Amino acid sequence: MSDCLFCRIVAGEVPAKVVHQDDEVVAFRDIDPKAPTHVLLVPRRHIPSLRETADADAALLGRMIMIARDLAVREGIDGSGYRVVINSGPQAGQSVFHVHVHLLGGRAMAWPPG
(Lines give C-alpha, C1' and ligand atoms only; values in the text may rest on other atoms or scores of the structure.)
Protein backbone atom coordinates (compact mmCIF):
# COMPACT_ATOMS: atom_id res chain seq x y z
CA MET A 1 0.00 0.00 0.00
CA SER A 2 1.62 3.21 -1.15
CA ASP A 3 0.12 5.30 1.68
CA CYS A 4 1.28 2.95 4.47
CA LEU A 5 4.44 4.13 6.22
CA PHE A 6 5.50 0.63 7.19
CA CYS A 7 4.94 -0.71 3.66
CA ARG A 8 7.16 2.10 2.42
CA ILE A 9 9.86 1.19 4.97
CA VAL A 10 9.64 -2.48 3.94
CA ALA A 11 9.98 -1.43 0.28
CA GLY A 12 13.06 0.69 1.09
CA GLU A 13 11.32 3.93 0.10
CA VAL A 14 11.61 5.40 3.61
CA PRO A 15 14.89 5.02 5.50
CA ALA A 16 14.93 3.07 8.75
CA LYS A 17 17.54 1.57 11.07
CA VAL A 18 16.85 -2.05 10.19
CA VAL A 19 17.98 -4.62 12.77
CA HIS A 20 16.47 -7.71 11.12
CA GLN A 21 14.98 -8.68 7.79
CA ASP A 22 14.00 -11.91 6.14
CA ASP A 23 11.42 -13.07 3.58
CA GLU A 24 8.48 -12.36 5.90
CA VAL A 25 9.49 -9.85 8.58
CA VAL A 26 11.39 -6.56 8.84
CA ALA A 27 12.42 -5.12 12.22
CA PHE A 28 13.65 -1.58 12.73
CA ARG A 29 14.22 0.96 15.49
CA ASP A 30 11.26 3.18 16.39
CA ILE A 31 11.89 6.83 15.48
CA ASP A 32 10.12 7.94 18.69
CA PRO A 33 11.34 5.35 21.21
CA LYS A 34 9.47 4.84 24.47
CA ALA A 35 12.35 2.87 26.02
CA PRO A 36 16.11 2.64 25.47
CA THR A 37 15.40 -0.35 23.22
CA HIS A 38 12.31 0.10 21.06
CA VAL A 39 12.15 -2.05 17.95
CA LEU A 40 9.16 -2.50 15.65
CA LEU A 41 8.63 -5.81 13.86
CA VAL A 42 6.36 -5.75 10.82
CA PRO A 43 5.31 -8.35 8.30
CA ARG A 44 6.33 -7.58 4.74
CA ARG A 45 2.72 -8.23 3.71
CA HIS A 46 0.29 -5.45 4.58
CA ILE A 47 -2.20 -6.45 7.28
CA PRO A 48 -3.97 -3.40 8.77
CA SER A 49 -4.28 -4.69 12.36
CA LEU A 50 -4.56 -7.78 14.49
CA ARG A 51 -8.30 -7.69 13.85
CA GLU A 52 -7.67 -8.35 10.15
CA THR A 53 -5.46 -11.37 10.67
CA ALA A 54 -6.68 -14.83 9.69
CA ASP A 55 -6.00 -18.25 11.14
CA ALA A 56 -3.53 -18.70 8.28
CA ASP A 57 -1.45 -15.85 9.78
CA ALA A 58 -0.77 -17.75 13.03
CA ALA A 59 2.68 -18.94 11.89
CA LEU A 60 3.66 -15.41 10.79
CA LEU A 61 2.55 -13.89 14.10
CA GLY A 62 4.36 -16.60 16.04
CA ARG A 63 7.47 -16.01 13.97
CA MET A 64 7.33 -12.29 14.79
CA ILE A 65 7.23 -13.10 18.51
CA MET A 66 10.17 -15.49 18.19
CA ILE A 67 12.16 -12.86 16.28
CA ALA A 68 11.35 -10.38 19.07
CA ARG A 69 12.74 -12.91 21.57
CA ASP A 70 15.93 -13.30 19.53
CA LEU A 71 16.32 -9.53 19.16
CA ALA A 72 15.93 -9.13 22.94
CA VAL A 73 18.94 -11.43 23.32
CA ARG A 74 20.94 -9.51 20.68
CA GLU A 75 20.01 -6.17 22.29
CA GLY A 76 21.08 -7.44 25.72
CA ILE A 77 17.69 -6.92 27.39
CA ASP A 78 16.68 -10.56 27.80
CA GLY A 79 18.17 -10.93 31.27
CA SER A 80 16.54 -7.88 32.86
CA GLY A 81 13.23 -8.28 31.05
CA TYR A 82 11.40 -6.76 28.13
CA ARG A 83 7.89 -6.11 26.90
CA VAL A 84 6.30 -7.30 23.65
CA VAL A 85 3.17 -5.36 22.63
CA ILE A 86 0.68 -5.42 19.77
CA ASN A 87 -1.78 -2.52 19.75
CA SER A 88 -4.91 -3.15 17.72
CA GLY A 89 -7.14 -0.21 16.83
CA PRO A 90 -7.06 3.49 17.66
CA GLN A 91 -8.26 3.19 21.28
CA ALA A 92 -5.41 0.76 21.96
CA GLY A 93 -2.89 3.28 20.64
CA GLN A 94 -2.33 1.89 17.14
CA SER A 95 -1.26 4.85 15.01
CA VAL A 96 0.12 3.08 11.93
CA PHE A 97 -2.40 0.67 10.47
CA HIS A 98 -0.02 -2.12 9.51
CA VAL A 99 0.10 -4.82 12.18
CA HIS A 100 3.33 -4.58 14.16
CA VAL A 101 4.99 -5.81 17.33
CA HIS A 102 6.77 -3.44 19.70
CA LEU A 103 9.84 -4.79 21.51
CA LEU A 104 10.59 -2.53 24.48
CA GLY A 105 13.29 -2.85 27.10
CA GLY A 106 16.24 -1.30 28.86
CA ARG A 107 14.20 0.27 31.66
CA ALA A 108 11.60 -0.73 34.24
CA MET A 109 8.08 -0.88 32.84
CA ALA A 110 4.99 0.28 34.75
CA TRP A 111 1.70 -1.60 35.02
CA PRO A 112 -0.91 -0.99 33.86
CA PRO A 113 0.74 0.37 30.72
CA GLY A 114 -1.96 2.84 29.59
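Residues numbered from 1 in each chain as written. Predicted model: local features only at pLDDT ≥ 70, side-chain atom pairs only at ≥ 80, totals over all residues. Heavy atoms only, no water.

(A) Broad picture of the overall build of the protein. Scanning the protein from terminus to terminus reveals 2 helices and 5 strands. Order of helices (α) and strands (β) in the protein, N terminus to C terminus: α-β-β-β-α-β-β. Computed over C-alpha atoms, the radius of gyration of the protein comes to 14 Å, within 12% of the 13 Å expected from 2.2 N^0.38 for 114 residues, which places it in the range of a compact globule. Counting only C-alpha atoms, the protein reaches 35 × 30 × 25 Å along its principal axes. Counting over 114 residues, the protein shows a buried share of 40%. Of the contacts formed within the protein by residues at least 6 apart in sequence, a portion of 53% connects residues at least 24 apart. The average position of the 12 basic charges and that of the 13 acidic charges among the side chains of the protein differ by 5 Å. (Helix = DSSP H or I, 4+ residues; strand = E, 2+ residues; numbered from the N terminus. Rg over C-alpha atoms; globule rule 2.2 N^0.38 Å. Buried < 20%, exposed > 50% of the residue type's maximum accessible area, 1.4 Å probe, protein only. Contact = heavy atoms within 4.5 Å. Lys, Arg positive; Asp, Glu negative; His and termini not counted. Charge placed at Lys NZ, Arg CZ, Asp CG, Glu CD.)

(B) Region of interest: the environment of S2. Structurally, the position occupied by S2 is in the segment before α1 (5-10). Sequence separation of S2 and E13 is 11 residues, and the distance between their C-alpha atoms is 9.8 Å.

(C) Local environment of unusual backbone geometry. Following W111, the chain continues to P112 via a peptide bond in cis, the omega torsion being 0°. Mapped onto the secondary structure, P112 falls in the segment after β5 (101-105).

(D) Layout of the layout of surface pockets. The computed volume of the largest pocket comes to approximately 640 Å³. For the largest pocket, the lining is made up of 31 residues, of which D30, K34, H38, N87 and H102 are closest to its centre. Put simply, the parts of the chain that give the lining of the largest pocket at least two residues each are α1, β2 (25-29), β3 (37-43), β4 (82-85) and β5. No other element matches α1, which puts 3 residues into the lining of the largest pocket. Grouping the constituent residues of the lining of the largest pocket by class yields 17 nonpolar, 8 polar and 6 charged. (1 Å grid on protein atoms, 1.4 Å probe; cavity = no way out; pocket = protein on both sides within 12 Å on 5 of 7 lines; lining within 4 Å. Points joined across faces, edges and corners; volume = space filled by probe spheres on them. Nonpolar A, V, L, I, M, F, W, Y, C, P; charged D, E, K, R; others polar.)

(E) Local environment of the pattern of salt bridges. Counting across every chain of the model gives 7 salt bridges. Between E13 and R8 there is a salt bridge, with its nearest N and O atoms 3.4 Å apart. A residue is classified by how much of its surface remains accessible, and R8, at 33% relative accessible area, is partly exposed. Across the pair E24 and R63 runs a salt bridge whose closest N-O atoms are separated by 3.1 Å. (Salt bridge = Lys/Arg side-chain N within 4 Å of Asp/Glu carboxyl O.)

(F) Local environment of helix α2 (residues 58-75). End to end, α2 covers 26 Å across 18 residues, agreeing with the expected 26 Å (1.5 Å per residue, within 8%). What α2 keeps buried is the set L60, M64, I67, A68, L71 and A72. Each buried residue of α2 sits inside an arc of 145° when the element is viewed along its axis, so together they form one side. Opposite the buried face of α2, by more than 90 degrees, sit the exposed residues A58 and A59. (Expected span 1.5 Å × (residues − 1). Arc of directions from axis to C-beta.)

(G) Quick peek at the side chain of D22. Within the secondary structure layout, D22 lies in the loop between β1 (18-21) and β2. The exposure class assigned to D22 is buried, which follows from its relative accessible area of 16%. Polar contacts involving the side chain of D22 include one to the side chain of H20, which spans 2.9 Å. A polar atom in the side chain of D22 sits 2.4 Å from the side chain of R63. Sequence-distant contacts of D22, defined by excluding residues within four places in its chain, comprise R44, R63 and I67. (Polar contact = N/O pair within 3.5 Å; in protein donor to acceptor, adjacent residues only side chain to side chain.)

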